[in-house]
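Next come the chains, spelled out residue by residue.
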Amino acid sequence: MSDSVHVVPADVHNQTLLNHVHPHDWVSPEPPSRYNLVVIGAGTAGLITAAGSAGLGARVALIEREFMGGDCLNVGCVPSKALIRSARAYAQVRDTADYGVNVPAGAAVNFSAVMERMRRLRASISPNDSAARYRGLGVDVYFGQARFTSPETVEVDGRTLRFRKAVVATGARAAKPPIPGLAEAGYLTNESVFSLTVLPPRLAVVGAGPIGCELAQAFARFGSEVTLLGNHGQILPKEDRDAAKLVEKEVVRDGVNLVLDCNVARVDRDGSEKIIRLRCGGRSSDLRIDEILVGVGRAPNVQGLNLEAAGVEYNEKEGVQVNDRLQTTNRRIFAAGDICSRFKFTHAADAMARIVIQNALFLGRAKASALTIPWCTYTDPEIAHVGLYEDEAKERGIPIQTFVEEFRHVDRAVLDGDQDGFIKIHVRRGTDRILGATVVARHAGEMISEITLAMVGGLGLRTIAKTIHPYPTQAEAIKRVADAYNRTRLTPFVKSLFSKWLAWMR
Ligand SMILES: Cc1cc2nc3c(=O)[nH]c(=O)nc-3n(C[C@H](O)[C@H](O)[C@H](O)COP(=O)(O)OP(=O)(O)OC[C@H]3O[C@@H](n4cnc5c(N)ncnc54)[C@H](O)[C@@H]3O)c2cc1C
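Owing to the predicted nature of the structure, the values given are computational and were not obtained by experimental measurement.

## Topic: the nonpolar core
Thought 1: Counting 62 residues, the largest nonpolar core has Val38, Leu62, Ile63, Met68, Phe148 and Val168 as the members making the most contacts within it.
Thought 2: At 6 residues, helix 11 (residues 346-361) tops the list of elements feeding residues into this core.
Thought 3: When neighbours within four sequence positions are excluded, leucine 62 is seen to be in contact with Val39, Gly41, Ala42, Gly46, Leu47, Ala50, Met68, Tyr134, Val139, Asp140, Val141 and Tyr142.
Thought 4: Judged by nonpolar contacts, the second largest core, of 37 residues, contains Val193, Ala218, Ala220 and Leu236.

Written out as structure tokens, the structure reads:
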């Protein structure tokens, strides 16, 4: 096993993390003659597949070249959400005067303490994904780069593993934009930004998608002078425009310098400074900063797997090709998670892993297209979404009716000072069947699950209207949308019938 895997800084927290996710003294097991399942990649998709399959009695091998837990635990969801929570703590103290509370010294961020907190919490979560825990679950854990040597064998750490079925769950990494001078000037990605111990005084964030927006807002709150660069007319270009506009307003209030509709033409170095040469329409300008954080999308980890030897088709942009049952072009080999999905989320990787267990081991017929996948961007306020967007419905010729409730009409939101936000629910026109929803609110991610449950369970707005929501809660917004739908059922004809009945009863 290689000793070349490090996490910086090499403090006690990162040492604990490493002991769990890549112990340096790990001894790989001796492989049996054949495994039911060989899982390549120990991120969410691989971990769930391995644990679920071993729990059902399968002989399972799990191969990881770097850190068990993959992106989410090590360089994704977990560290980013820890930083976001510290950033929110700062914003809460900054805004206390609005609540009648004066904090005499004001708010100040100790960046090194913020990062240490993140490392401590990440380490404290890491036993869940640890090599030792998986060995305890009956999984054979191997560290090293996996490489197919035939349609039914994988090589790792000098050993050949023969399999009945295999799963490629190798995830994705930060895409490298082809910007001249960027590599020479040096830049951060999600793989390095969580190793910082000193706050960059001036930070440019290239890419205004979810990762860029979340981290730009957090670093601005920590005190960096942040410029967020996007090449569309709005941040979070895939999200509902009104929702993105609200987040935009808040991010600007946090001090982020938003530069939209611009491209980075090249990057130069001037001593310790970096210079971003921008082109916005016909105009050029320069931006001088100390660090650049790049978050312009994800590239699938297909390299080094020797997929050709296994007959698995792939491309560098979309990753491994799968059918609806998550089977690759080699019928024995499946894929799950970021490597094969446009839904690059931990919960999507988890859901796909469950499909793979059924289909690979038990002749199941579960389909990825049957999944209803919500998601959330953890800016403040958050944007959560599930199902169709308005423009998608239009493009697909699906007639919809949209109901909107603003949080300024929801008592709890008003009392909490969280009235900037709204919920939009789209139903199939003429029915109460929910086709999609967007929530923009401080805890939008917590609210989207009620709507997702309704969609999965085939429950419409009429059922939600009958569901009692405690007063006062933010989730009352969902009930208010359902009430608004119910009011549309009160047509002039029904109303005139009611009036006649009530007149007769007088
Ligand atoms: C900054 C950031 C924040 C995020 N925040 C969220 C969030 O809040 N919520 C959310 O749902 N999602 C979030 N995501 C996305 C989430 O992290 C991914 O969707 C998730 O990790 C995908 O899991 P996976 O198992 O498909 O891949 P990964 O987690 O990438 O795991 C793949 C594993 O395979 C290993 N591997 C690759 N090639 C080989 C090989 N040849 N041999 C052996 N091992 C190999 C890799 O080392 C890696 O450990 C975030 C991502 C980033 C970058």
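Let's pick the thread back up.
## With respect to empty space enclosed by the protein
Thought 1: Enumeration according to the criterion identifies 2 cavities of 30 Å³ or more in this entry.
Thought 2: Computed from the structure, the largest cavity encloses a volume of approximately 50 Å³.
Thought 3: In terms of residue class, the lining of the largest cavity is built from 4 nonpolar, 4 polar and 1 charged.
Thought 4: What the second largest cavity holds in volume is close to 30 Å³.
Thought 5: If you trace the second largest cavity, you find it lined by Leu246, Lys249, Glu250, Pro381 and Asp420.

## A closer look at the pattern of salt bridges
Thought 1: Applying the stated criterion across every chain, the model contains 34 salt bridges.
Thought 2: Of the charged contacts in the structure, one is a salt bridge between arginine 202 and glutamate 273, with a shortest N-O distance of 3.0 Å. With a gap of 71 residues between them, arginine 202 in strand 8 (residues 202-206) and glutamate 273 in strand 12 (residues 273-280) connect regions that are remote in the sequence. For the pair formed by arginine 202 and glutamate 273, the shared burial category is buried.

## Brief notes about the sheet that holds strand 14 (residues 291-294)
Thought 1: Spatial ordering of the open sheet is given by 10-9-8-14, a layout of 4 strands whose pairing is parallel. Each end of this open sheet is capped by a strand with a single partner; those strands are strand 10 (257-259) and strand 14. This sheet shows a mean twist of 20° between the axes of neighbouring strands, independent of strand direction.
Thought 2: The sheet contact formed by strand 9 (residues 225-229) and strand 10 spans 3 bridges and is parallel. By the bridge assignment, leucine 228 is partnered in strand 10 with leucine 258.
Thought 3: Running over the sheet, helix 8 (residues 210-222) touches strand 8, strand 9 and strand 14 and is turned about 165° from strand 9.

## Observations regarding the state of the cysteines
Thought 1: Taken as a whole and assessed by the stated rule, the structure comprises 2 disulfides.
Thought 2: Between the sulfur atoms of cysteine 72 and its disulfide partner cysteine 77 the distance amounts to 2.4 Å. Given an S-S torsion of about -130°, the disulfide between cysteine 72 and cysteine 77 has left-handed geometry.
Thought 3: Covalently, cysteine 262 is tied to cysteine 280 through a disulfide, its sulfur atoms 1.9 Å apart. Across the S-S bond linking cysteine 262 and cysteine 280, the dihedral sits near 115°, which makes this disulfide right-handed.

## Description of the sheet that holds strand 11 (residues 263-270)
Thought 1: Across the sheet, which stays open at both edges, the 3 strands sit in the order 11-12-13 with antiparallel pairing between neighbours. Edge positions in the sheet fall to strand 11 and strand 13 (283-289), since each has one partner strand and no second. Here the average twist between neighbouring strands, direction ignored, is 20°.
Thought 2: Where strand 12 lies against strand 13, 7 bridges are found, and the strand directions are antiparallel.

## Things to note about the layout of surface pockets
Leftover empty space is mapped by rolling, across the atoms, a probe with the size of a water molecule.
Thought 1: Of the voids in this model, the second largest pocket is the one considered here, and its volume is about 380 Å³.
Thought 2: Lining the second largest pocket are 14 residues, and of these Tyr99, Arg253, Gly417, Asp418 and Arg442 lie nearest its centre.
Thought 3: When residues of the lining of the second largest pocket are traced back to their parent elements, those giving at least two are helix 4 (77-94) and helix 9 (241-253).
Thought 4: Counted by class, the lining of the second largest pocket contains 3 nonpolar, 3 polar and 8 charged residues.

## So, the site of the ligand
Thought 1: Taken together, the neighbourhood of the ligand is formed by 38 residues, with Ala45, Glu64, Lys81, Asp338 and Thr346 sitting nearest.
Thought 2: Take threonine 44: an N or O atom from its main chain is 3.1 Å from an oxygen atom of the ligand.
Thought 3: Here arginine 65 contributes a backbone N or O atom positioned 3.2 Å from a nitrogen atom of the ligand.
Thought 4: For the ligand, whose free accessible area comes to 1000 Å², the fraction covered by protein is 94%.
Thought 5: Counting only elements with at least two residues in the shell around the ligand, the list comes to helix 2 (44-55), strand 2 (60-64), helix 3 (70-75), helix 4 and helix 11.
Thought 6: The greatest single-element share of the shell around the ligand, amounting to 4 residues, is contributed by helix 3.
Thought 7: For the shell around the ligand, a count of residues per class yields 16 nonpolar, 14 polar and 8 charged.

Parameters and conventions
- Residues numbered from 1 in each chain as written.
- Predicted model: local features only at pLDDT ≥ 70, side-chain atom pairs only at ≥ 80, totals over all residues.
- Heavy atoms only, no water.
- Core = buried A, V, L, I, M, F, W, Y, C linked by side-chain atoms within 4.5 Å.
- Buried < 20%, exposed > 50% of the residue type's maximum accessible area, 1.4 Å probe, protein only.
- Helix = DSSP H or I, 4+ residues; strand = E, 2+ residues; numbered from the N terminus.
- Contact = heavy atoms within 4.5 Å.
- 1 Å grid on protein atoms, 1.4 Å probe; cavity = no way out; pocket = protein on both sides within 12 Å on 5 of 7 lines; lining within 4 Å.
- Points joined across faces, edges and corners; volume = space filled by probe spheres on them.
- Nonpolar A, V, L, I, M, F, W, Y, C, P; charged D, E, K, R; others polar.
- Salt bridge = Lys/Arg side-chain N within 4 Å of Asp/Glu carboxyl O.
- Pairing = 2+ DSSP bridges.
- Axes fitted to C-alpha atoms, helices over the stretch in contact; angles between N-to-C directions.
- Disulfide = S-S within 2.5 Å.
- Near = heavy atom within 4 Å.
- Polar contact = N/O pair within 3.5 Å; in protein donor to acceptor, adjacent residues only side chain to side chain.
- Areas by Shrake-Rupley, 256 points an atom, 1.4 Å probe, with all protein chains shown as cover.

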